[in-house]
Amino acid sequence: MGVHVPGALTGAGHHHRVAEPQQAGAQRLGRLGRRLEQVLHLVLELRAAGLAAGGPALIHIDRGVSLPWTVLLVLSVLTLLPAILLAMTPFVRILIVFSFLRQAIGTTSTPSNQTLVGLALILTYFVMAPVGVVIQKQALVPLEDGKITPWAAVERSAGPMKQFMLHYARESDLGLFVNLAHLPRPKSPGDLPMRVVVPAYLLSELKTGFQIGAVLFLPFLVIDMVVASVTTSIGMMQLPPVVISTPLKILLFVSVNGWGLVVGSLLNSFN
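Cut-offs applied
Residues numbered from 1 in each chain as written. Predicted model: local features only at pLDDT ≥ 70, side-chain atom pairs only at ≥ 80, totals over all residues. Heavy atoms only, no water. Buried < 20%, exposed > 50% of the residue type's maximum accessible area, 1.4 Å probe, protein only. Helix = DSSP H or I, 4+ residues; strand = E, 2+ residues; numbered from the N terminus. Arc of directions from axis to C-beta. Patch = residues over 30% accessible without salt bridge, like charges linked within 9 Å, V, L, I, M, F, W, Y side chains within 5 Å. Areas by Shrake-Rupley, 256 points an atom, 1.4 Å probe, with all protein chains shown as cover. Salt bridge = Lys/Arg side-chain N within 4 Å of Asp/Glu carboxyl O. Core = buried A, V, L, I, M, F, W, Y, C linked by side-chain atoms within 4.5 Å. Contact = heavy atoms within 4.5 Å. Axes fitted to C-alpha atoms, helices over the stretch in contact; angles between N-to-C directions. Parallel < 35°, antiparallel > 145°, perpendicular 65-115°, else oblique. Left-handed = near helix turned anticlockwise from the far one by under 90°. Nonpolar A, V, L, I, M, F, W, Y, C, P; charged D, E, K, R; others polar. Phe/Tyr/Trp six-rings, centres within 6.5 Å; stacked < 30°, edge-to-face > 60°. Expected span 1.5 Å × (residues − 1). Bend = angle between axes of the 7 residues up to and from the residue.

Another aspect to go through is helix H6 (residues 171–180). All buried positions along H6 are accounted for by Asp173, Leu174, Phe177 and Val178. Buried positions in H6, seen along its axis, are confined to an arc of 135° and lie on one side of it. When the buried face of H6 is taken as reference, the exposed residues oriented beyond 90 degrees from it are Glu171, Ser172, Asn179 and Leu180. Immediately downstream of H6, the backbone of His182 shows phi near 55°, a positive value.

So, in structure tokens, the structure goes:
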């Protein structure tokens, strides 16, 4: 008795099914290309309409920088934003302290990484808000008014950021990178270039974060040692001490308003 083989399992049916996703992908790429072309035509029409009306162009591609270079600058800044956030703000110190605190309490996954990162971002915004106000007045407002170019705005923004980092960078770390860069001794810290200030500030933040984390570990370490000695002395060898010490550490941390104390100490360290 013959066996009927469905067309989907034959060679032709198989190639047909493989070709369907490829055709769908090609159609999506074609639609995306047509939409990009429509947007480009719209941009050109808006600029032409502004020039024909005798007024300024609706889309400024002069101001000392051409449109392709402006787009490249914006995309580069957006790409480097995570690195800038890590290297030039208090985000590193805050996140390190929170990580040490979670390990000291003994809750390996609570709070979650997303929660700690979100809290670190909010506190970073709180600390950097005054610097952002200065940058807005010195760089962003003149750039919006068309008084300076985007590159000049970047240079003006670097001043407040350098002043903030120099305030918290250790002199030993600055001297280390000055020696590594083979630069002459500056007359003042403000004369140092950003390629020296940024790594020195980041190294200082790492050291400060580890110092605060080590101090946070001490009271919880005492609880672990006391619980371990008590359980050993009464013969509870099969019960892991962490089963008893973890609830005690959480209870102690909550009873003394630990989150408020940690966040307050962190923010006071930037004053």
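Bringing unusual backbone geometry into the picture now. With a phi close to 55°, His182 is a non-glycine residue in the positive phi region. On the basis of relative accessibility, which here comes to 72%, the residue His182 falls in the exposed class. In the Ramachandran plot, Asn257 falls in the positive-phi region, its phi being about 55° despite a non-glycine side chain. Along the chain, Asn257 turns up in the loop between helix H8 (241–255) and helix H9 (258–268).

Our next topic: a nonpolar patch on the surface. Together, Val71, Val74, Leu75, Val77, Leu78, Leu80, Leu81 and Ile84 make up a nonpolar patch on the protein surface, roughly 660 Å² of accessible area in all. In this fold, Leu75 is placed in helix H2 (residues 67–88).

Attention now moves to the nonpolar core. In terms of nonpolar packing, the biggest core is built from 42 residues, with Ile94, Phe98, Leu101, Phe164, Met165, Leu192 and Val262 touching the most fellow members. For this core, the elements supplying multiple residues, two or more each, are H2, helix H3 (91–105), helix H4 (113–144), helix H5 (150–168), H6, helix H7 (194–233) and H9. Top contributing element to this core by residue count: H4, with eight residues. Look past the residues within four positions of Phe164 in its chain and what remains in contact with it is Met88, Pro90, Val127, Met128, Val131 and Tyr201.

Bringing the packing of H3 against H7 into the picture now. Contact geometry of H3 with H7 gives a least axis separation of 8 Å together with a crossing angle of 20°. Classified by the angle between their axes, H3 and H7 sit roughly parallel to one another. In this structure, H3 crosses over H7, and the sense of that crossing is right-handed. Touching Val92, Arg93, Ile96, Val97, Phe100, Leu101, Gln103, Ala104 and Ile105 of H3 are Leu202, Glu205, Leu206, Thr208, Gly209, Phe210, Ile212, Gly213, Leu216, Phe217 and Phe220, all from H7. Partitioned by chemical class, the residues of the contact of H3 with H7 number 14 nonpolar, four polar and two charged.

What follows covers the side chain of Glu205. Within the secondary structure, Glu205 is located in helix H7. Once residues within four sequence positions are removed from consideration, Glu205 is found in contact with Pro90, Arg93, Tyr168 and Phe270.

Taken as a whole and judged by the stated rule, the model has one salt bridge. Salt-bridge contacts for Glu205 lead to Arg93; the nearest nitrogen and oxygen are separated by 2.6 Å. Of this pair, Glu205 sits in helix H7 while Arg93 is found in helix H3, placing the two residues 112 residues apart along the sequence. Each member of the pair, Glu205 as well as Arg93, carries the same accessibility label: buried.

The next subject is the environment of Leu202. With respect to the helices, strands and loops of the structure, Leu202 is situated in helix H7. Sequence separation of Leu202 and Val92 is 110 residues, and the distance between their C-alpha atoms is 7.8 Å. If sequence neighbours within four positions are ignored, Leu202 has contacts with Leu86, Ala87 and Val92.

On to the packing of aromatic side chains, then. Under the defined criterion, the tally for this structure stands at eight aromatic pairs. Ring plane angle 50° and centroid distance 6.3 Å describe the contact between Phe220 and Phe253, whose orientation is recorded as tilted. With Phe220 in helix H7 and Phe253 in helix H8, this residue pair connects regions lying 33 residues apart in the sequence. The class of Phe220 is buried, set by a relative accessible area of 6%.

Now for H4. In an α-helix, one turn spans 3.6 residues, which is why side chains three or four residues apart end up on the same side. If you check H4, its first and last C-alpha atoms are just 37 Å apart, much less than what 32 residues at 1.5 Å a residue would give, namely 46 Å. At Met128, H4 is bent by approximately 50°, the largest bend along its length, and proline Pro130 sits one to four residues beyond. Buried residues of H4: Leu116, Ala120, Leu123, Thr124, Val127, Met128, Val131, Ile135, Ala139 and Pro142, and no others. Backbone geometry just downstream of H4 places Gly146 in the positive-phi region, at approximately 80°.

On to the packing of H4 against H5. Here H4 crosses H5 at 155°, and the two axes come no closer than 9 Å. For the element pair H4 / H5, the angle class is roughly antiparallel. As for the relative orientation of H4 and H5, their crossing is right-handed in sense. Contacts from Val127, Met128, Val131, Val134, Ile135, Gln138, Ala139, Pro142 and Leu143 of H4 reach H5 at Pro150, Ala153, Arg156, Ser157, Pro160, Met161 and Phe164.

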